[in-house]
Amino acid sequence: MDCGKYKSDLVNPGILDPGEEIELQILLEDSLENKSVNWLLVTAPNGVKASGYFNA
């Protein structure tokens, strides 16, 4: 995880602590079908996960 842009990360820099947020940019190798509904799952090394649907 590259936290170089986050100047306010004073406690445990480089670690995503409870209450902190992260913004991800996902680049896909293959294009998605128009008007398709897709599901994304992101999991941290400690097992915390978040998921959601998005439209192409």
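That block above? That's the structure.
These numbers were taken from a predicted model, which means no experiment stands behind them.

About the cut-offs
- Residues numbered from 1 in each chain as written.
- Predicted model: local features only at pLDDT ≥ 70, side-chain atom pairs only at ≥ 80, totals over all residues.
- Heavy atoms only, no water.
- Helix = DSSP H or I, 4+ residues; strand = E, 2+ residues; numbered from the N terminus.
- Buried < 20%, exposed > 50% of the residue type's maximum accessible area, 1.4 Å probe, protein only.
- Contact = heavy atoms within 4.5 Å.
- Areas by Shrake-Rupley, 256 points an atom, 1.4 Å probe, with all protein chains shown as cover.
- Patch = residues over 30% accessible without salt bridge, like charges linked within 9 Å, V, L, I, M, F, W, Y side chains within 5 Å.
- Salt bridge = Lys/Arg side-chain N within 4 Å of Asp/Glu carboxyl O.
- Polar contact = N/O pair within 3.5 Å; in protein donor to acceptor, adjacent residues only side chain to side chain.
- Pairing = 2+ DSSP bridges.

Draft legend 1. Inspection of the overall build of the protein chain at higher detail. The helix and strand inventory of the protein chain stands at 0 helices and 2 strands. Residue burial in the protein chain is summarised as follows: out of 56 residues, 9% are buried. Long-range contacts, defined here as pairs at least 24 residues apart, represent 2% of the contacts in the protein chain between residues at least 6 apart. Accessible area for the protein chain stands at about 5,600 Å²; split by element, carbon and sulfur atoms hold 53% of it.

Draft legend 2. Summary view of a nonpolar patch on the surface. A grouping of Leu16, Ile22, Leu24, Ile26, Leu28, Leu32, Leu40, Val42 and Phe54 is seen on the molecular surface, where their side chains present a nonpolar patch of about 710 Å² in accessible area. On the secondary structure map, Ile26 appears in the segment before strand E1 (37–43).

Draft legend 3. Just the side chain of Asp17, in detail. Within the secondary structure layout, Asp17 lies in the segment before E1. On the accessibility criterion, Asp17 (16% relative accessible area) is buried. Among the polar contacts listed, one links the side chain of Asp17 to the side chain of Asn12, at a separation of 3.3 Å. Setting aside residues up to four positions removed in sequence, Asp17 forms contacts with Val11 and Asn12.

Draft legend 4. Quick peek at the pairing of E1. Across 7 bridges, the pairing between E1 and strand E2 (residues 49–55) is antiparallel. The residue bridging Trp39 from the neighbouring strand is Tyr53, located in E2. Between E1 and E2, which follow one another and run antiparallel, lie 5 residues, and Gly47 among them has a positive phi close to 95°.

Draft legend 5. The environment of Leu32, seen in detail. Along the polypeptide, Leu32 turns up in the segment before E1. For Leu32, a relative accessible area of 33% translates into the label partly exposed.

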